[in-house]
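# Examining the three-dimensional arrangement
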Amino acid sequence: MSDHEFETSAFIRSKLTEWGVPLKKTDLKTGVIAELDSGQSGPTVALRADIDALPIQETTNLAFSSKNTGVMHACGHDIHMTALLGAVYILTHQSIDFKGKIRFIFQPAEEANEGALQVINAGHAQGVNAILGLHVKPGKPVGNIGLRAGYTAGSIDKFKVSISGIETHAAHPDQGSDVIVALTGIVTALQTIVSRNVEPTSSAVLSVTEIHAGTAWNILPKTAVFSGTVRVLEKKERELIRSRFQEIVSQFSSAYRTKAETDWYVGDPAVYNDPKLTKIVKNETSKFAEVFESRAELGSDDFSCYQERLPGVYAHLGVGETGEIHHSDFAPDENAILTGVSYYVNNTLRLLGELK
Ligand SMILES: [Zn+2]
Ligand SMILES: [Zn+2]
């Protein structure tokens, strides 16, 4: 699981050491960073695979099911890291000539939305000219690669609103100020932000996912709390939604004679594929795989934190009809791994040749 990838990191380290790949010294608690240096001056291309699992009890009954109770690779990160290990193996076992450096980032804690920042804060994105990542994509043919220039996955913000009023007997609402009526009014009004304020052709989602209030059927409570998340592709929508959110919460709460406090947690930015690099990667990938145009979606990936600092490409890897990620029976077709290996190897060599 996120930040508990101790044995996974030890396994990766042992393989890299066995293959003679120099490991980078790191302050990371989990995760592994390594680098191949050609000895010839040139750019540095980084390859990232996330390595964490999820707190889900696996029900696939596969021969290689998780042996850890309540923990499984329900997001396909085992495929990502295996593909990257395959790429390391090829790059170290075949006499491939290249200029520059190739950095391998086996990143922890993607599911916690913090691993990429841990890697960046530990200095492991420094000196990198381009970064490549991928994610399994259920519902697409095995080994097909999806690419899209520009925004590909959403930014992720979280909010929590606490409303306070005056507690009173359910039969005497006039003597208090009802936080439940205020909360439902606010939650309903918030739904107008995406439908009335966001440009109709833009992508945005605002979901209230938790509501907590009350202790008894005959008391109007003093406090009510709700929380949820906002996902968008573009920065301007992200700012617009946040300011409209504050406006609605503050004005509605005072209209209902209550007080509201908002905690807003700014999460990862949107995944943005550098158009120039994406064009090169598309061209290279079409030589060994069927390429499809990825759809922009509002799920998130902290790969975006690298892309905020340096150009990168995030691809989708088709893994067949397997059901959705984050489900206990998620079983991506492992035949996709080979294409994942080629994605990493071929595109790295191409980019090292093209980047100055
Ligand atoms: Zn996931
Ligand atoms: Zn994932």
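Residues numbered from 1 in each chain as written. Chains lettered and ligands numbered in written order. Predicted model: local features only at pLDDT ≥ 70, side-chain atom pairs only at ≥ 80, totals over all residues. Heavy atoms only, no water.

### Side note on the packing of helix 6 (residues 275-285) against helix 8 (residues 337-354)
Where helix 6 meets helix 8, the closest approach of the two axes is 10 Å, and the angle between their N-to-C directions is 125 degrees. The orientation of helix 6 with respect to helix 8, classified from their angle, is oblique. Handedness of the helix 6/helix 8 crossing: right-handed. Contacts from Leu277, Ile280, Val281, Asn283, Glu284 and Thr285 of helix 6 reach helix 8 at Tyr343, Asn346, Asn347, Arg350, Leu351 and Glu354. Tallied by class, the residues present in the contact of helix 6 with helix 8 amount to 5 nonpolar, 4 polar and 3 charged. (Axes fitted to C-alpha atoms, helices over the stretch in contact; angles between N-to-C directions. Helix = DSSP H or I, 4+ residues; strand = E, 2+ residues; numbered from the N terminus. Parallel < 35°, antiparallel > 145°, perpendicular 65-115°, else oblique. Left-handed = near helix turned anticlockwise from the far one by under 90°. Contact = heavy atoms within 4.5 Å. Nonpolar A, V, L, I, M, F, W, Y, C, P; charged D, E, K, R; others polar.)

### What to know about unusual backbone geometry
The phi torsion at Asp3 lies on the positive side, around 70 degrees, for a residue other than glycine. Within the secondary structure, Asp3 is located in the segment before helix 1 (6-18). The exposure class of Asp3 is buried, given its relative accessible area of 15%. In this model, Ala109 sits at a positive phi of 50 degrees, which is unusual for a non-glycine residue. By the element assignment, Ala109 lies in the loop between strand 3 (101-107) and helix 3 (115-121). In this structure Ala109 comes out as buried when scored by relative accessible area, which is 0%. (Buried < 20%, exposed > 50% of the residue type's maximum accessible area, 1.4 Å probe, protein only.)

### Thoughts on the sheet that holds strand 9 (residues 204-213)
Within a sheet, neighbouring strands are paired by backbone hydrogen bonds and run either parallel or antiparallel to one another. Here 4 strands make up an open sheet; going across it, the order is 9-11-7-12 and the pairing antiparallel. Only two strands of the sheet have a single neighbouring strand rather than two, namely strand 9 and strand 12 (259-266). Taking the axes of each pair of neighbouring strands and ignoring which way they run, one obtains an average angle of 20 degrees across the sheet. Here strand 7 (residues 155-164) runs beside strand 11 (residues 223-232); their pairing, made up of 10 bridges, is antiparallel. If you follow Ser162 over to strand 11, its bridge partner there is Val225. (Pairing = 2+ DSSP bridges.)

### A look at the coordination of the zinc ion (ligand 1)
Coordination of the zinc ion (ligand 1) by the protein is provided by Cys75 (SG), Glu111 (OE), Glu111 (OE) and His326 (NE2), with metal-donor distances spanning 2.0 to 2.7 Å. Coordination at the zinc ion (ligand 1) comes from 4 donor atoms whose angles at the metal span 52 to 148 degrees, giving a geometry best classed as irregular. Between the donor residues of the zinc ion (ligand 1), the gaps in sequence give the motif C-x35-E-x214-H. Between the zinc ion (ligand 1) and the zinc ion (ligand 2), a spacing of 3.2 Å is present, and a bridge between the two is formed by Cys75. Of the two residues, Glu111 sits in the loop between strand 3 and helix 3 while His326 sits in the loop between strand 15 (312-318) and helix 8, which places them 215 residues apart along the sequence. (Donors = N, O, S within 2.8 Å, 3.2 Å for Na, K, Ca; no water. Tetrahedral: all angles 85-135°; square planar, octahedral: opposite > 155°, others 65-115°.)

### Brief notes about the packing of aromatic side chains
The geometry of an aromatic ring pair comes down to the distance between the two centres and the angle between the two planes. Following the criterion strictly, the structure yields 10 aromatic pairs and no others. Look at Phe245 and Trp264: their rings are 5.0 Å apart centre to centre, the planes differ by 75 degrees, and that puts the pair in the edge-to-face class. Separated by 19 residues along the polypeptide, Phe245 in helix 5 (residues 235-255) and Trp264 in strand 12 bring together distant segments of the chain. According to the relative accessible area criterion, Phe245 is buried, its value standing at 0%. Residue classification places Trp264 among the buried residues on the basis of a relative accessible area of 12%. Through pairs of rings, three or more aromatic residues link up here, namely Phe159, Phe226, Phe245 and Trp264. The ring of Phe292 carries the charged tip of Lys140 above its face, separated from the ring centre by 4.7 Å. (Phe/Tyr/Trp six-rings, centres within 6.5 Å; stacked < 30°, edge-to-face > 60°. Lys NZ or Arg CZ within 6 Å of the ring centre and 35° of its normal.)

### Side note on the domain arrangement of the protein
In terms of domains, the protein is made up of domain 1 (6-152 + 270-354) and domain 2 (155-266). Computed over C-alpha atoms, the centres of domain 1 and domain 2 are 38 Å apart. With 8 residues of domain 1 at the interface, the matching set in domain 2 holds 10 residues. In this assembly, domain 1 packs against domain 2 so that about 740 Å² is buried in total across both faces, 69% of it on carbon and sulfur atoms. When the buried area of domain 1 at its contact with domain 2 is split by residue, Tyr151, Ala270 and Leu298 rank highest and sum to 70% of it. Between domain 1 and domain 2 we count 0 salt bridges in total. (Domains from an automatic or database assignment. Buried area = accessible area lost by both parts, 1.4 Å probe. Salt bridge = Lys/Arg side-chain N within 4 Å of Asp/Glu carboxyl O.)

### Some thoughts on the pattern of salt bridges
Evaluation of the coordinates by the stated rule reveals 17 salt bridges. For Glu199, the salt bridge goes to Lys236, with nearest N and O atoms at 3.8 Å. You can see Glu199 sitting in the loop between helix 4 (179-197) and strand 9 and its partner Lys236 sitting in helix 5, a full 37 residues away along the chain. With a closest N to O distance of 2.9 Å, Glu293 and Lys282 form a salt bridge. Here Lys282 lies in helix 6 and Glu293 lies in strand 14 (residues 291-293), a separation of 11 residues in the sequence. Among the residues examined, Glu293 registers a relative accessible area of 47% and is labelled partly exposed. With a relative accessible area of 27%, Lys282 lands in the partly exposed category. One salt-bridge network, held together by shared partners, links Arg48, Asp50, Asp301 and Asp302.

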